[in-house]
Each structure stands twice: as structure tokens, then as C-alpha cells.
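Remarks on the overall topology
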Amino acid sequence: MSDKSPQQASQKAPLKKGDRLYLIDGSAYIFRAYHALPPLTRKSDGAPVGAVSGFCNMLWKLLADVNDDAVKEMGTPTHFAVIFDHSSETFRNEMYTEYKANRDEPPDDLKPQFAMIRDAVRAFGLPCIELQGYEADDLICTYARQAEQLEAETIIISSDKDLMQLISEHTIMYDTMKSRRIGVDEVIEKFGVGPEKMIDMQALIGDSVDNVPGVPGIGPKTAAQLLEEFGTLENLLENAEAIKQNKRRESLIEHADNARLSKKLVTLECNVPIEAEIDDFVVTPFDHARLIEFLEEMEFTTLTKRVRTKADQAGADVPEPSAPAAAPAPDTKPIDRDAYETVFSPERLREWMARTRERGHLAVDTETTGLDCMTARLVGVCLSTGPGEACYVPLTHGGEGLAFDDEDVGKQMKLEDALAILKPVLEDASVLKIGQNFKYDMLLLSRYGIDVAPIDDTMLISYALDCGINGHGMDELADKHLGHTCIKFTDIAGTGKKQKTFDQLVIKEAAPYAAEDADVTFRLWQALKPRLVSERMATLYATLERPMPAVISAMEREGVKVDCDVLSRLSSEFNQRMGAHEAAARELAGEDFNLGSPKQISDILFGQMGLPGGKKTKTGAWSTSADVLDDLAAQGYEIAREIVNWRQLSKLVGTYTDALQKDLNKDTGRVHTSYSLASTTTGRLSSNDPNLQNIPIRTEDGRKIRTAFIAEEGNVLVSADYSQIELRLLAHIADITSLKQAFSDGVDIHAMTASEMFGVPIAGMDPMVRRKAKAINFGIIYGISAFGLANQLGIPRGEAKDYIDAYFEKFPGIRQYMDDTKKTAMTHGYVETVFGRKTHTPNIKAKIPAQRSYAERQAINAPIQGSAADIIRRAMIRMPYALARSKLSARMLLQVHDELIFECPADQANDTRELVKQVMETACDPVLKISVPLVVETGAGLNWDEAH
DNA sequence: TGGGCGCCTCAGG
DNA sequence: CCTGAGGCGCCCAA
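All values derive from a computational prediction rather than experimental measurement.

Below, the discussion takes up the overall build of chain A. Summing up its helical and strand segments, chain A has 40 helices and 23 strands in all. The contacts in chain A between residues at least 6 apart in sequence include a share of 68% that link residues at least 24 apart. For chain A, the accessible area works out to roughly 42700 Å², and carbon and sulfur atoms hold 50% of it.

Applying the stated criterion across every chain, the model contains 14 aromatic pairs. For the pair Tyr-392 and Phe-502, a centre-to-centre distance of 6.2 Å together with 70° between the ring planes defines the contact as edge-to-face. In this pair, Tyr-392 is assigned in strand S10 (residues 389–394) and Phe-502 in the loop between helix H21 (489–493) and helix H22 (507–534), connecting sequence segments 110 residues apart. Accessibility expressed as a relative area gives 1% for Phe-502, which makes it buried. Seen from their ring centres, Phe-489 and Tyr-513 are 6.1 Å apart, and the 50° between their planes marks the pair as tilted. Residue Phe-489 is located in helix H21, and its partner Tyr-513 is located in helix H22; the two are separated by 24 residues in the primary sequence.

It is at 9 Å that the axes of helix H18 (residues 438–447) and helix H24 (residues 548–558) come closest, and there the two elements cross at 55°. Overall, the two elements H18 and H24 adopt an arrangement that is oblique. Crossing geometry of H18 relative to H24 is assigned as right-handed. Residue-level contacts link Lys-439, Met-442, Leu-443, Ser-446 and Arg-447 of H18 to Pro-549, Ala-550, Ile-552, Ser-553, Glu-556 and Arg-557 of H24. Its residues assigned to classes, the contact of H18 with H24 shows five nonpolar, two polar and four charged.

Quick look at the pattern of salt bridges now. Evaluated as defined, the whole model comprises 51 salt bridges. Close ionic contact of Glu-407 with Lys-508 constitutes a salt bridge, the shortest N to O distance being 3.6 Å. Taken together, the positions of Glu-407 in the loop between S10 and helix H17 (415–426) and Lys-508 in helix H22 put the pair 101 residues apart, joining distant regions of the chain. Its salt-bridge partner being Arg-891, residue Glu-558 comes within 3.9 Å of it at the nearest N-O pair. Linking Glu-558 in helix H24 with Arg-891 in strand S21 (residues 891–895), this pair joins segments that are 333 residues apart in sequence. Exposure remark for Glu-558: the relative accessible area of 30% places this residue in the partly exposed category. For Arg-891, a relative accessible area of 23% puts it in the partly exposed group. One connected set of salt bridges, linked through shared partners, spans Glu-558, Lys-561, Arg-670, Glu-712, Arg-891 and Glu-903.

Read from one edge of the open sheet, four strands run S21-S22-S18-S23, paired in antiparallel fashion. For this open sheet the edge positions go to S21 and strand S23 (936–941), each flanked by a neighbour on one side alone. For this sheet, the mean angle separating the axes of adjacent strands, direction not counted, is 25°. Relative to strand S22 (residues 899–905), S21 runs antiparallel, the two sharing four bridges. If you follow Gln-895 over to S22, its bridge partner there is Leu-900.

Here the UniProt feature "coiled-coil region" (unreviewed entry) sits at residues 223–250. Helix makes up 68% of residues 223–250 and strand 0%. Its end C-alpha atoms lie 15 Å apart.

What follows concerns the protein's contact with DNA strand B. Around DNA strand B, the surrounding shell holds 26 residues, and the nearest of these are Thr-495, Thr-619, Thr-624, Ile-697 and Asp-898. When atoms of DNA strand B within 4 Å of the protein are split into backbone and base, the sugar-phosphate part holds 75%. For DNA strand B, a phosphate oxygen lies 3.0 Å from a polar atom in the side chain of Arg-647. It is helix H28 (residues 638–657) that contributes the most residues to the surface near DNA strand B, four residues altogether.

Inspection of the region around DNA strand C gives 26 residues, with Ser-597, Ser-686, Asp-689, Tyr-854 and Gln-858 positioned closest. Within 4 Å of the protein, atoms of DNA strand C come from sugar and phosphate in 80% of cases. Here Asp-689 contributes a backbone N or O atom positioned 2.8 Å from a phosphate oxygen of DNA strand C. Those elements that provide at least two residues to the surface near DNA strand C are helix H26 (598–608), H28, strand S16 (686–688) and helix H38 (849–885). When residues in the surface near DNA strand C are grouped by element, the largest group, five residues, is from H38. For the surface near DNA strand C, the per-class residue count stands at three nonpolar, 18 polar and five charged.

What follows covers the pairing of S22. Taken residue by residue, a regular strand's side chains alternate between the two faces of the sheet. Burial within S22 is extensive, with seven of its seven residues counted as buried. Bridge count between strand S18 (residues 715–722) and S22: seven bridges; the pairing is antiparallel. Bridged to Val-718 within S22 is Phe-902. Between S21 and S22, which pair antiparallel in sequence order, lie three residues; one of them, His-897, sits at a positive phi of approximately 65°.

Throughout the structure, instances matching the rule amount to three cavities of 30 Å³ or more. Of the volumes computed, that of the largest cavity is approximately 80 Å³. Arg-92, Tyr-99, Glu-135, Asp-137, Asp-162, Gln-202, Asp-207, Asp-210, Val-212, Leu-265, Val-266 and Leu-268 are the residues that line the largest cavity. In terms of residue class, the lining of the largest cavity is built from five nonpolar, one polar and six charged. A volume near 40 Å³ is recorded for the second largest cavity. Top element by residues in the lining of the second largest cavity is H38. It accounts for three residues.

Among the structural elements, His-79 can be located in strand S2 (residues 79–83). On the basis of relative accessibility, which here comes to 1%, the residue His-79 falls in the buried class. The contact partners of His-79, leaving out residues within four places of it in the chain, are Ala-13, Pro-14, Leu-15, Asp-19, Arg-20, Leu-21, Tyr-22, Ile-278, Asp-279, Phe-281, Val-282 and Val-283.

A cis geometry characterises the amide bond from Ala-453 onward to Pro-454, with omega recorded as -10°. Looking at the secondary structure, you find Pro-454 in the loop between H18 and strand S12 (455–457). Cis geometry marks the peptide bond from Asp-689 to Pro-690; its omega dihedral reads -5°. Relative to the assigned elements, Pro-690 resides in the loop between S16 and helix H30 (700–704). The phi dihedral of Lys-887 is positive, around 55°, even though this residue is not glycine. Secondary-structure assignment places Lys-887 in the loop between H38 and S21.

Calculation criteria
- Residues numbered from 1 in each chain as written.
- Chains lettered and ligands numbered in written order.
- Predicted model: local features only at pLDDT ≥ 70, side-chain atom pairs only at ≥ 80, totals over all residues.
- Heavy atoms only, no water.
- Helix = DSSP H or I, 4+ residues; strand = E, 2+ residues; numbered from the N terminus.
- Contact = heavy atoms within 4.5 Å.
- Areas by Shrake-Rupley, 256 points an atom, 1.4 Å probe, with all protein chains shown as cover.
- Phe/Tyr/Trp six-rings, centres within 6.5 Å; stacked < 30°, edge-to-face > 60°.
- Buried < 20%, exposed > 50% of the residue type's maximum accessible area, 1.4 Å probe, protein only.
- Axes fitted to C-alpha atoms, helices over the stretch in contact; angles between N-to-C directions.
- Parallel < 35°, antiparallel > 145°, perpendicular 65-115°, else oblique.
- Left-handed = near helix turned anticlockwise from the far one by under 90°.
- Nonpolar A, V, L, I, M, F, W, Y, C, P; charged D, E, K, R; others polar.
- Salt bridge = Lys/Arg side-chain N within 4 Å of Asp/Glu carboxyl O.
- Pairing = 2+ DSSP bridges.
- UniProt positions renumbered as here; feature names shortened; annotations may be inferred.
- Near = heavy atom within 4 Å.
- Polar contact = N/O pair within 3.5 Å; in protein donor to acceptor, adjacent residues only side chain to side chain.
- 1 Å grid on protein atoms, 1.4 Å probe; cavity = no way out; pocket = protein on both sides within 12 Å on 5 of 7 lines; lining within 4 Å.
- Points joined across faces, edges and corners; volume = space filled by probe spheres on them.

Structure follows, in C-alpha cells:
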């Protein structure tokens, strides 16, 4: 054993005589569990988890079940570690390239489980041991031999015969699947020789699976007989001449070298340069909360229950683990910008990757030439393996001709070299990648051929925890959680027209800024991730947040095809008509003015022309909004009509027909919006650059814009939208029997509301009456106020109040729901959706009544809007998998709150519509039963207008 | 002169 | 109620 300083040693528990060291052969277990256990998938997202489940059950039994056969027989572990193979290449390949060469790739539904199993080990608070270039067996050998010298008992959990050479008086194996102990006697019984002869035995018989040659014609029986007679392999080979049987003798002589090589291959290395020591493996009390978080995330309900029961018995703090001792509070060094390394050589980068694999996690941040990740180029990569352990890897600084002098530019490693080193780690299922707004980096890296997985996103963790309390940008989070002020990008790159892109920065100056981002991201992860458990948001995060970056970045990268010619034609049509309105308005005003300026309009109308003003704006000016101008137009003031018409067209040109053409990506010929995953307080997404969630539909002119969104040749657009989802959720959440019945019967919900409120029959109903009821239904969802409804319907406040009263009279359950929701917000400070997403409502206790009412309306709206958002998220997360399973090549392109747009080959339109509908309608299954049917309507067409 | 920012208005759900 | 975008107009710095 290497010697350690006393301080370090005192924190450990040295292995001593009589202690029991359990070593799990993790890699072998994974394969066996995968094949032996029935396939099991996680309900929420269909991820395969069978092997993980088996693994967790085994760990739990060994560590916590006093009645477990193995533990009863072997005794409770004092030290415990799980050992994994690191990669397929080991030192054995250097002496024999064919070694394990015919191993197949693990099956697709096993691969993702490797990472999960490592997560499981960590969740159990156990060390996860692996080392580059060595097999798990070598590490096990090294540790077992060390334990042997200390006369401790070693229990190797495996049934691999390669490990049988380790068996001795103090070292045994245990096969948990067969509940079978394998000691010296068992080896002799099975192979006819003792464990000390196992190496020679294997060298003779070989192993076809691992490509160990052995000696042809010699099997276990013969080998045992020969070893019995000659003692050792070497002795046997030297005296092979003496063997009587012709075949056997000749084969041994001919293949003596193979036998010797085989011996080397099967001999385990017991002097591996280990990094973790046995003393570190001491079993410590469970962090039940951490384990439960993981198990819940995996949706292992039975085991979760078991652990909970045990935790309760032990009086453990679940779900509120608070004791500082329990919380992993690593002594975090303060942020030091000068301490970061700038990585120039592939060798150094490889070393960072080696450290990453040891840690099992890596914070990643990319630096690029711009904010649009569909056009930006990669400039550098920032990495952090732990707090303060960060580096910057500059790659393409000074890209296109140097506008400055930077001696470091020439030292940068080649982009493709760096990517080749990074890719295996970024894609390694056993290394967790951590990012802040990771969707951006993932999309960028996907353009460079790297699919980052698995991931955590600090922005989304913050969103799950603190929605409604603060924003979720890195600078704000760093300030709040780390008390650290980040360097702003504009501080180093300047601002405005002269702002530099990242590649134009001097590396020495850029590096601290860049590396800091990765460091901060890592520290934020440390600060925020444990809260998911203690605040019981782990499942929400795992099911509704964590999967989003991958799904959304795929959509963004896909983009949607836009026909520029259609947009141009519309632009000129609208411009022409605007000209006519503008001329008419000026004629009527008798002077020139800017129709785009509310201030000038107000001056003309309410000043010079003396028209009656309606509403005032927040700042006290007369409003010129559309409904005010509509009123004036209705009173016969033509100028108001002209202004309204001009404005509408101006909006369409400025925001859509002209603007969208600029958003066309030159490489793809498509428009790629960006979805913001954490900018709403309800769980909705928002779309920007350009916003494709507010493409007009309500007016005829506006709808023409939708005809410019088209499908690729031979394809169609498929649209699928939830019908009335928010009202349905209101009926479910507030538990309104009559509403639920109406939805089950499939009646016209607004007409039904009108009929109830005003006592008129549905058949032959006045459309105006229905319109009122519809406005009220929407008002209810928004946490109605008489003021708002009056505004909406253009009726006096008193009348609006009468309607609301009539509504509450007919649906008393809704008033009840509203009161209850306000109460919840008051007592808890938050409201939540059907899936447990929280929106915090800090203003609910505001002194100012207007502020408080506003907060109350938010509180009423958030659970409804948010539940709908959760449901469509679930559908989106499942969609890629569902499409693939149905062998459909449809791509999901857009989300507009209750609608999803796909593009698919024309001949798959019907199948796609059917599948999409099915997935969306069953999105709540199986965790939640909604008491109203969710109905999805679909359409298909050559453009978005036709598809809708 | 030009960048930054608040305001108003309006597109969608 | 939840959003994002564009234009205007004001303020401030260079």
C-alpha cells in the first residue's frame, strides 16, 4: 500500500483483518442482467432500464437486506466497490491483437444503461472504479491481493471463471443470480484442480469467446488430468515428450507457444496503478434521499418504496435531508480566473479527458462566432471537471486573416484533432455532461458531428426549482447562488457596431472569461442539483425538463421550409394597399404624419381633430390601440378606419413578410427558430429569432402568410392540435361535472356554456350569445376580472360583472377552484400543475391591491396553462421514439403551445397523422388519469395553412 | 451620430 | 393570463 499523510488516512477506514471487502464485477453483471432479466422500459419515456433495475436490486440486497442469502452467508460488507471495464482496448491487445476481437457491440437497448448503472452506483454512495487500459478483472485482482495480505475477506460478486484464479482461503466469489458461493472447494469440484492452478487450466483450454487460443484438443477434463500429473503448465510443456497419447503430445508441442501466450492473456494483473485505495471503499451510512431521487427518476416504484420504508425506520431525513454532514459540501475554492489552464496541445486535452472519465462528469461550454447556433462557428471549448478545475481550449481564434497580433493563435490545436478527442467523451454514456442552456451547445456540436449525451442543464434545474422567483440566465444564477459576478461578454468584446466576435479576441484575454463560464456552470450544478431531491422536483426535472434539449435542438436544426417568393409577393401586395390607406388618412387629417407613430396619431386625432378619447395608456397618454380606433370608426370617423387598416398591413409586412425573408438560413434554405426553454413562468416554451409561435391566423390577410410555410418536394406538412385543452384541464382540475360531461359528449362547449348561463337552447343559438360565452370561458382561464371581460366584449363593467356572477352561479365549482388556488398560493407561495411543476407567486401577498390581484390571476392561470404545457412536452419527448418505432420518417418541426407541426413524405401522411394523434392523446399515460378526454385534430397539406 | 432602453401596439396561444 | 418583435422617441456618450 502506498503511504498517505496522517490527515488523509484518518478520514478513511483502513481495511483490517476480519473486514469484508465486496468487489462487484460491474461490467460482467450488466451483460448478464441484460440477458437474464426480462426487458423493462421506463414508462415515462420508454428508455430501456432492465439491467439497471436488476443491478439496483442487487446492490440494495447486498447493502441493506440482512436476510439476503449472500450477505447471510458471507457477512455484511465493511468495504464495497463496483468495478467496471474502461474500454475495449487494454494492455492485452498489445501482446495479442485478436484478444476479445470478436466481441459484438453491445445491443442498442443496453448501451444507454451503462451510464445509468454508473449513476446508480453513485446514488448508492459507492465508489465507481475503472481505469483506462485495464479490465475490471485486473482491478479486482489488484484489490483482492491487497486485501489478502491484510487477511481481510474478499467477496467478488461475479461468476466469471477468469476471476477464479483469485480464490483462496480469504477470497471467494459469489454468483448473485444463482445464489451460489464459489470457494476453493467449489472450484475443485467443478474443474478438478484448485484455484491456484486455474491460470494454467485456462491457458490450456483457451476461450473461444475471448479469442484465447489455448491448445486444440484439450478440454477441461484433460487439462485437469495433465495438471494433476505435471503440476504446472510450464512443467507440462517442458515434458510434453513424455505424454503417451500421440494426438495430445503433438498438439501440446506444436501449440506450446500458444499456451504460453494464453497464460499471459488469462493471468490477471495484480499490480494495476490504482488511483483509489481500498480504504476509500469503506461502507458509509446511506444518503437515502439521494438514492430515492435516483430511483424515482428511474421509476423503480417497488424498490423506491422499499428504500423509503427503510429510511423511515432509520429515521433518515427524507425528503428533507438537511444535516450538513449528509449534504456533499465539497470545500469549494473561490473562483479564481487566473488559475485556469489554456489548453493548446492534444496531449493536455487527452489528460483532461482522462480526468473527466475518472470524475464521471464534465461541464461544457462552447464559444462561438454568434448567438445563432445554426450559423455560428465553433471558436473554442470550455471544460470543467470540478470546482476551480477548468480550462479553455481555443481552436479557431483569428480565423479569417488576423486583424491583430496574437502569438497564441499559432499554438491552437487543429479543430478536427480536438473534436476527435472530445467526441468519445461527449458521447460517452458513462460521463454526464453539464451545461447552462445546453440546447445551444448541443445543437452547435451536432453540426460538428457530435451528439452530446447524457446531459444535465443548470438552467433547466433552476427552472424546475425556482420558476417565478428569478430568471435562469447564468449571470443571474451565479450572482444568486455563488455570490459571484461573472465577466460580461461585452466587457471583453465591446459593444455595438464595433463588437468583436469571439474568434477576434486575443486568446490570453478570452481564456479567463471562457473558462470561468465552465467553472461557474459546474459550481451551479453542484449548488442546484441536490435541491431537486430535497425539494422533490427530481421527477419533474427528469421527465419534463432534462429530455428537452435533445428533442428541441433536433427540431431547431430541422427548421421549416419557407417560400420566399410567396413572401415577396405578399410584401408588395400589402405595401401597395398601405400606400392607399396612408394617402387617405393624410387627406382626412389634412397634413402629413407618421402613421407608425402612436404619439403623432394621438396628437392629430385627439388634439387637432378633437375626437373623443377612449382609454389612457400606462403613462397617461391617450391610447390609439386597435379597439379604440375601432370604436371611433364605428362612430363614423373614417380616418380611424384608415389607420387601423394601415397598421394591420404594416404589422404583417414589418413582422412577417419582410422580416421572415431575412431569417432564411443560406445553407439549409429553411427558417430555424430558437425555442426558449426557461423563459415563461408556466412551463410553456417560447419561440424567437424568429418567433414562429405568433404567425397570423385570425385574419384573412394574416393567414396568407401561412401559405409561405411549405413542405419539401414530395412531402407534406402535418399539423396536430389539442382541441380546447385548457378548458378541458380546467374542467378536470376544478372537477366540474357538467363541463366534464359536455366534453365527454363532445358537444360545442361555448354553446353549452351560453345555454347554461342564459337559459337558451343550443339549437339555433344567436352567434353573439355564443361569442359572449366563449369570451367568458377564456376569461375564466385567465383568472377573469370584470374589467378584463368588459374590455374584451366592449360592454360596460357592470354588465360584465353580471355575466361573471351568472357564470359562477351555474358553475359554483369554478369559484371554489379559484378561491382554493388563491389560498394555496398564499400558504405555500406557489401553485402547481397536474404533473407537479411549480410556479412561485411571490407577489400574492403584495400590499398594493392591483399587484395582488394580478398575482392572483397568474396563480389561477398557471396551473391550467402549465398543465397543458406539461402534456404537450410529454408528447414531444415521446414523439421521436414513437415515430421511429412505427418506421415513420416524419420530422417534428414546430410547436405552437397546443399544436405540433411535422414534415413527412406525402405517402406517409395518413400513418403519421394517426400516430401523432395517438401519442398526443395518450400523453398523460400512464402516470396520470385525466377525467376528460384529450382530443387531437390533425390535418395535412402542402403548406401550413392547408395543413391546419 | 448611434447605441440603449422603455413604451406602445399587436401577432399567437 | 402567457409570450416576442418592431417601430418610435427619448436620453446619453462620443
